[in-house]
2 protein chains.
Amino acid sequence: MHKRGTKPDKIDRLEPKVRQGLIVVITGNGKGKTTAALGMALRACGHRMRVCIIQFMKGDIYAGEWDAVRQMDCDIELIATGKGFCGIQGNPYPWTEHRANAQDAIDLANEKLTAGCCDLLILDEINNALKLKLIDLDQVLALLQTRPPMLHLVLTGRDAHPEVVALADTVSEVREIKHAYRRDIEPQPGIDY
Amino acid sequence: MHKRGTKPDKIDRLEPKVRQGLIVVITGNGKGKTTAALGMALRACGHRMRVCIIQFMKGDIYAGEWDAVRQMDCDIELIATGKGFCGIQGNPYPWTEHRANAQDAIDLANEKLTAGCCDLLILDEINNALKLKLIDLDQVLALLQTRPPMLHLVLTGRDAHPEVVALADTVSEVREIKHAYRRDIEPQPGIDY
């Protein structure tokens, strides 16, 4: 790994005395929420953990992560369940269709949660889906409460609900300081999608 | 990709009219900076872009991403150049050794920048290294100014320098709302390292 610099005397391998699953929430209005979740997926793959990513409200615009997971020699699955962001300009689908898809995504999340088939379950944009009432608070709280204690659950998206934040172990708010699109720079592959 | 929900009528592939490299800074005191950079690496791999990750001040503690990049069938390289976080409790190396390693890392970053061998160059914890005076502001500004216009450059770490922020296209601050370690939960593999 070290090609430059002098090597450290030894490389430590952390091993927590107590292993436990964490609830991690990544919220806020800045760039880096989904990407942080994808980074945890990558990191978990390095530990040979089994990863499942369920994307809410995504599926209408190609994203690099869809192909990236196929290039990885590890147990990672990505399921995009949506039709794009509900209510944003240019999205042609009515709220009822977005709601139906998000309800399917919640059912799928419950299946994954209880099947014991993954060590890290990422629910991408679920906070947003809750804010837009595509899913209900009770459904999200039920997910958190039935989570097996060793399963890591990561919830991304703006406007995380205070009750979800209250139940989480680690919560980060990604704040926009500046963003290229405000200077009319179009989304760039690899960075923005 | 869609296993649940009804599919959208079509999947769009965004293609910016103008392609350009972006300077992205991920700073702040919360969890998710390195992971967001790793997520961009993953996403870029999906687009078949060439990725190089240089980690400053890391190399003494195993991290999942070191093995994850080896499991990926794509052009991604990760080089950990350091001996851990300079000045934190338990780190036995003097500032001069950390500085020497960070100087090697900067040389390497300059080589990668000018060699045209990658489309996305991630300089992980470089903000931190600058703050700790392991590298100099002039060195970082020189990197930003000599960047080929199509290269994406991502700089992570707390305490990003205002002059670096000023030159960046997109800047996010990851704020800690809560963190498991404050409740004495040890770092967990796949999530924290």
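Residues numbered from 1 in each chain as written. Chains lettered and ligands numbered in written order. Predicted model: local features only at pLDDT ≥ 70, side-chain atom pairs only at ≥ 80, totals over all residues. Heavy atoms only, no water.

K.L.:
Would you mind going over the overall build of chain A with me for this structure?
P.N.:
Across its full length, chain A carries 6 helices and 6 strands. In terms of C-alpha radius of gyration, chain A reaches 18 Å, essentially the compact-globule figure of 16 Å for 193 residues. With the C-alpha coordinates aligned to their principal axes, the bounding extent of chain A is approximately 60 × 45 × 30 Å. Across the 193 residues in chain A, those meeting the buried criterion constitute 59%. Contacts in chain A between residues far apart in sequence, at least 24 positions, make up 77% of those at least 6 positions apart. Of the roughly 7,900 Å² of accessible surface on chain A, 50% is carried by carbon and sulfur atoms. Side-chain charges in chain A split into 25 positive and 26 negative, and the spacing between the mean points of these groups amounts to 7 Å. (Helix = DSSP H or I, 4+ residues; strand = E, 2+ residues; numbered from the N terminus. Rg over C-alpha atoms; globule rule 2.2 N^0.38 Å. Buried < 20%, exposed > 50% of the residue type's maximum accessible area, 1.4 Å probe, protein only. Contact = heavy atoms within 4.5 Å. Areas by Shrake-Rupley, 256 points an atom, 1.4 Å probe, with all protein chains shown as cover. Lys, Arg positive; Asp, Glu negative; His and termini not counted. Charge placed at Lys NZ, Arg CZ, Asp CG, Glu CD.)

K.L.:
Would you mind showing me how to read the environment of L153 of chain B here?
P.N.:
All names here are of chain B. When you line up the elements, L153 lands in strand β5 (residues 152-156). What makes L153 buried here is its relative accessible area of 0%. Excluding its chain neighbours within four sequence positions, the residues that come into contact with L153 are L22, I23, V24, L113, L121, L123, L144 and R147.

K.L.:
Sorry, what's going on with the interface of chain A and chain B here?
P.N.:
Bring the parts together and some accessible area is lost; that lost area is often taken as the interface size. Opposite the 97 residues of chain A that make contact, chain B presents 97 residues. Counting the surface lost from both chain A and chain B, the interface buries some 8,600 Å², and carbon and sulfur atoms represent 56% of this. At the junction of chain A and chain B, the tally comes to 6 salt bridges. Put simply, R183 of chain A and D169 of chain B hold a salt bridge, and the shortest N to O gap is 2.4 Å. (Buried area = accessible area lost by both parts, 1.4 Å probe. Salt bridge = Lys/Arg side-chain N within 4 Å of Asp/Glu carboxyl O.)

K.L.:
Explanation requested: helix α5 (residues 137-146) of chain B in the structure shown.
P.N.:
Along an α-helix, a turn takes 3.6 residues, which lines up residues three or four apart on a common side. Residues and elements named next belong to chain B. Residues L137, V140, L141, L143 and L144 constitute the buried set of α5. The arc that holds the buried residues of α5, viewed along the axis, is 155°, so those residues lie on one side. Turned more than 90 degrees away from the buried face of α5, the exposed residues are D138 and Q145. The elements touched by buried residues of α5 are β1 (23-27), α3 (95-115), β4 (120-124), α4 (126-131), β5 and α6 (162-167). (Arc of directions from axis to C-beta.)

K.L.:
How should the packing of α3 of chain B against α5 of chain B be read in this particular structure?
P.N.:
Helix-helix packing is described using two parameters, namely the angle between the two axes and the distance between the axes. Residue and element names in this part refer to chain B. For the pair α3 and α5, the least separation of the axes is 10 Å and the interaxial angle reads 10°. Compared by their axis directions, α3 and α5 come out roughly parallel. Side by side, α3 and α5 meet where Q103, I106, A109, N110 and L113 of the first sit next to Q139, L143 and T146 of the second. Along the lines of polarity and charge, the residues of the contact of α3 with α5 split into 4 nonpolar, 4 polar and no charged. (Axes fitted to C-alpha atoms, helices over the stretch in contact; angles between N-to-C directions. Parallel < 35°, antiparallel > 145°, perpendicular 65-115°, else oblique. Nonpolar A, V, L, I, M, F, W, Y, C, P; charged D, E, K, R; others polar.)

K.L.:
I tried to follow unusual backbone geometry on my own but got confused; where do I start?
P.N.:
With the exception of glycine, most residues fall at negative phi, and the peptide bonds are largely trans. Residues and elements named next belong to chain A. Not every positive phi belongs to a glycine, and K133 is a case in point at roughly 60°. The exposure class of K133 is exposed, given its relative accessible area of 58%. A positive phi angle, close to 55°, is found at D159, a residue other than glycine. Along the chain, the position of D159 falls in the loop between β5 (152-156) and α6 (162-167).

K.L.:
Even after reading the chapter, I still don't get the nonpolar core, so can you show me in this structure?
P.N.:
Nonpolar side chains in soluble globular proteins generally cluster together in the buried interior. Residues I76 of chain A together with I76 of chain B are the most contacted members of the largest nonpolar core, which totals 60 residues. Once residues lying within four places of it in the same chain are set aside, the contact partners of I76 of chain A are A41, C45, V51, I53 and V69 of chain A. Formed by 35 residues, the second largest nonpolar core is a distinct cluster that contains I23, C52, L130 and L134 of chain B. (Core = buried A, V, L, I, M, F, W, Y, C linked by side-chain atoms within 4.5 Å.)

K.L.:
Got a minute to help me understand the pairing of strand β1 (residues 23-27) of chain A in this structure?
P.N.:
Side-chain direction in a regular strand flips from residue to residue, so the side chains alternate between the two faces of the sheet. Residue and element names in this part refer to chain A. With 5 of its 5 residues buried, β1 lies for the most part within the structure. Along β1, one buried face is formed by I23, V25 and T27 and the opposite face, lined by V24 and I26, is buried too. Where β1 lies against β5, 4 bridges are found, and the strand directions are parallel. The residue bridging V25 from the neighbouring strand is L155, located in β5. In this sheet, strand β6 (residues 170-178) lies alongside β1 in parallel orientation, the contact comprising 4 bridges. Within the sheet, the bridge partner assigned to T27 lies in β6 and is E173. (Pairing = 2+ DSSP bridges.)

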